Every structure is written in structure tokens, then in C-alpha cells.
Amino acid sequence: MSALRAFAVPLPAFHPDDTINAVAERFLQPDLAKALSLAVVDAEGVPVGMISRHQLNDIFMKKFGRDLFGARPVRDFMRTEILAVDADRPLAEAAAFITAHMQFPLSEDFILTENGRYLGMGAVLHLLGAMEQQMSRNVADLNRAYSQLASSQAQLVQSEKMAALGQMVAGVAHEINTPLGYVNNNIEMVREFVAQMQLILQGHELLASTLLSPTATDVDIAECLASIDDMKAGLDFSQWFADLDQLFNDTFYGVEQISELVTGLKDFSRLDQAPTDNVSLNECVESALLIARNTLKYKVEVLKRLEDLPKIRCAASQINQVLLNLFTNAAQAIRDTGYLLIKTWTDDRWVYVSVQDTGCGIPRESLRRIFDPFYTTKPVGEGTGLGLSISFKIIQQHGGAIRVASEVGKGTRFVVSLPRTEPVSLSAVA
Ligand SMILES: Nc1ncnc2c1ncn2[C@@H]1O[C@H](COP(=O)(O)OP(=O)(O)OP(=O)(O)O)[C@@H](O)[C@H]1O
Ligand SMILES: [Mg+2]
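Cut-offs used in this document
Residues numbered from 1 in each chain as written. Chains lettered and ligands numbered in written order. Predicted model: local features only at pLDDT ≥ 70, side-chain atom pairs only at ≥ 80, totals over all residues. Heavy atoms only, no water. Domains from an automatic or database assignment. Pairing = 2+ DSSP bridges. Helix = DSSP H or I, 4+ residues; strand = E, 2+ residues; numbered from the N terminus. Contact = heavy atoms within 4.5 Å. Salt bridge = Lys/Arg side-chain N within 4 Å of Asp/Glu carboxyl O. Buried < 20%, exposed > 50% of the residue type's maximum accessible area, 1.4 Å probe, protein only. Polar contact = N/O pair within 3.5 Å; in protein donor to acceptor, adjacent residues only side chain to side chain.

(A) Focus on the domain arrangement of the chain. For the chain, the domain assignment lists domain 1 (3-122), domain 2 (161-259) and domain 3 (270-419). Between the C-alpha centres of domain 2 and domain 3 there is a distance of 46 Å.

Here is the structure:
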């Protein structure tokens, strides 16, 4: 059953020849107490008009109204532009039709028909109430859909962050592994050296106690000396100590490198700092470069032209994330070897960083899609296509802009501009 049929109340209808007096009397009956209007239908039951309480009042309010008009047929007074809808029409469509045609103030209800014949009367107010309820249900559905969307977007951002984090961790782990490897080797060598020294020392201790012993013979002493000589055979002590010194230097260097990377990681993520702080974009460039070192080395020569910059208020870890993505994209766009030119500069209103590579470039038809979420030209597992869309969002939330120019076969240049003045509001990217 269509939803509209539920509104049909089978109220009596008039015939066009019924008199105005008969109509007035009918409207006085208690069962019609709430009816605003009634249908006028012909012998076949087809609605031909509507007569409302309002119209009756108009007639009877006239001077001698009842005497002059009471005996006249309703067809002379009824409204012939009837408000009739087919009972099978969808609710929303019927409501739109009725609201477009109803009178103000509301003085008529509407006729419901079935196959063109009178079925009953429906109350406009009930219909509007039902529509309002449906709309608020729709709004609730929309709100639910919206919050689902927002949360899946947050999940996406999160998964991109996790992917970026995974990449970064892999890079940094690799970076740490190299110095860690030789620090390990060196310690192993020092351990062997110390073990040998220990043996020689023990030999000397034995020699000392033999010399002091009143019962020791010359043979005993000679044996001690011979065993010490055996242990020292082939050893060049001055070379040994020089090597040891070198080993310590190398080890310290390795440990320093590791600690530099760890500090770099901390700076990069700014874990110990407020979500927004005063930083120079140059610091962000250095932080992100340190983290990208593993991706860039061997294939990309980095050239820096960093001008003095004023500090700006921003979420440094987010800006680092943007730069890391730009550096990574550049490295991935360079097939064999190439250059990455990073420039920073400022004017009265903005600070700028440009990241330019000599990579494969981006075809014109792809340029407008690169900031779309999931747009990627990289093989599955290598790119999620979220890097630039998230970068775009981060820069936008900082009140800045990110632009790109590219030529296929020559390279690509991204320019990020951030306002020198403090942005009005800066909400963190989920
Ligand atoms: N420097 C660049 N040179 C050439 N193409 C680029 C460059 N930067 C971005 N692109 C193109 O834009 C696409 C989208 O970049 P985006 O950083 O959003 O995603 P991705 O690098 O593919 O994946 P993800 O960043 O999630 O690992 C890339 O797949 C690539 O086709
Ligand atoms: Mg990327």
C-alpha cells in the first residue's frame, strides 16, 4: 500500500447539485468537525470541485447570504481547481504538489483519488507533518553517513600516517644499521685484544711471583719468560695501540651517528613539543632531509639554497611530514641519478620552500589529479596515493598553499607557501 493511502479518510462527498444550505448543514455534523473542505464529485465519482468551510463562511457573511445563496447548488460556488492527488503517487511527490498549490491561510485539505475517482479526503497538515518526520529521518541518516565518512577519512589519514611511519622507520633502521654494524665489529675486535692482553698480563704476573719465590729455579724463570715470548710473538705493540685508538675513534663516530639519527627522529616527530610551535622552515627541511637520507643517498644529489627565514607558528611535525613526502616523491621520480634542489625564501607575507627535482615529470593530464586521494602511478605496495592529498590538507589548514609545475622528462617543482602571520585557527589533521 502506498504511504499516501494511509491519509485517505472516507468522508462523504457532495454532488454538484447539492444546495449550499445542505453543504452548510453537513459541515456542522460532529464527524466533520475537523474537515477544512469536502470534495464535490459527479455521478461517476470523479471529483469536479472542492468546497471549503472558508468559502461557506464567505457566503453566509454576506448580507442576506443564506436567503440569497442558500438554495443555490454547490457547483456555483465550489473551487474547480481541485487539489487532488492519486493515492498511488509517492509521498514526497504528493507533498510537493500540494504545497505548491495549497492556499494561504490553509483553508482546504486535499482529495485523494484512485483511478481518477474519489477515494477520500486527506489533511494537508498531516501530510506535511509526515514529510517533516521523513526529512528529519533523512537528516539523521545523512548525519550518520557524514560521520561515517569523516571517521573513514580519519582512518585513511591514519593509515597513510602509519604507511609513512613504516617507510620512515625502515629508512632510519637502515641508517642506524650501518654504524651499528661496525660499532659491533669494533667491539668484537677490542674484546679479542683485551683477551690477549689478559693472557700476557697473567704471564707477567706468573713471572713476577716466580721471581719472588725463594724456591724458584732458573729453569722455572726461563719457562715463564719463554711462554711470555710465545704470547708476544709476532705482535707489534705500538701498531696495536694505534689500531686500538682508531677502533675507538670509529666506534665513537658510529655512536655519534646513531645518536644524531635518534635526535633527528625526535625533532622530526616533535614528540616532546606542543602541537604548534615557532619554527623556521629551514629546520623542518633539515629534519626531513635527515629522515629521507636513506631514500635519497646514491641516486639523488641534494642542493640546498636556504635563506634566513623568520620563525613561523606551525605544527612542525606536520610540515616535516609534507616535506618528507615531497622529498620521497622526488627520489621516486628520479630513475637513475638526479638532483634535488631545495630553496627557501621569504617576502612580507609568506615564507616559501620549493622542492625541485630532475625526475620523470608529470604529464599535463595527471597534474590536476595528483592531489586527489588515492591517485598514484606507483605499483601496488609502493604508493597509496595519499601523500599529496594529505600534504595539501595540512598546508591548507595552515592557511598556506601548495603549487606544482612540471615538465615531462625534465622534472617537477613544488612550491609550498606558509603565512608569516599566525594563522587564525589551526586544527590538527586527524
Ligand atoms: N616529484 C614528482 N615527480 C613526478 N611525479 C610525481 C611527483 N610527485 C608526485 N608525483 C605523482 O603524483 C602521484 C601522487 O603522489 P602522492 O605523493 O600523493 O602519492 P604516491 O607518492 O603515489 O603514494 P604515497 O605518497 O602514498 O606513498 C604519484 O604517484 C606520482 O605519479
Ligand atoms: Mg608520495
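Next comes the rest of the write-up.
(B) A look at the pairing of strand β5 (residues 117-122). As paired strands, strand β4 (residues 110-114) and β5 are joined by five bridges and run antiparallel to one another. Paired with F110 across the two strands is G122, which belongs to β5. Linking two consecutive strands that pair antiparallel, namely β4 and β5, is a turn of two residues; a positive phi of about 50 degrees is found at N115 within it.

(C) Representation of the environment of G122 within the structure. Relative to the elements of secondary structure, G122 occurs in strand β5. Sequence-wise, G122 and V9 are 113 residues apart; in three dimensions their C-alpha atoms are separated by 6.1 Å. Sequence-distant contacts of G122, defined by excluding residues within four places in its chain, comprise F7, D109 and F110.

(D) Representation of the pattern of salt bridges within the structure. Inspection of the entire model under this criterion finds twelve salt bridges. Its salt-bridge partner being E93, residue R89 comes within 3.1 Å of it at the nearest N-O pair. As a salt-bridge pair, K311 and E283 come within 3.8 Å of each other at their nearest N and O atoms. Residue K311 is located in the loop between β7 (300-306) and β8 (312-314), and its partner E283 is located in helix α8 (residues 281-296); the two are separated by 28 residues in the primary sequence. Bridged by salt links that share partners, the residues R5, D88 and E114 form one connected network.

(E) Fine view of the side chain of T328. With respect to the helices and strands, T328 occurs in helix α9 (residues 316-333). On the accessibility criterion, T328 (9% relative accessible area) is buried. Among the polar contacts made by the side chain of T328, one reaches the main-chain carbonyl oxygen of L324 at a distance of 2.5 Å.

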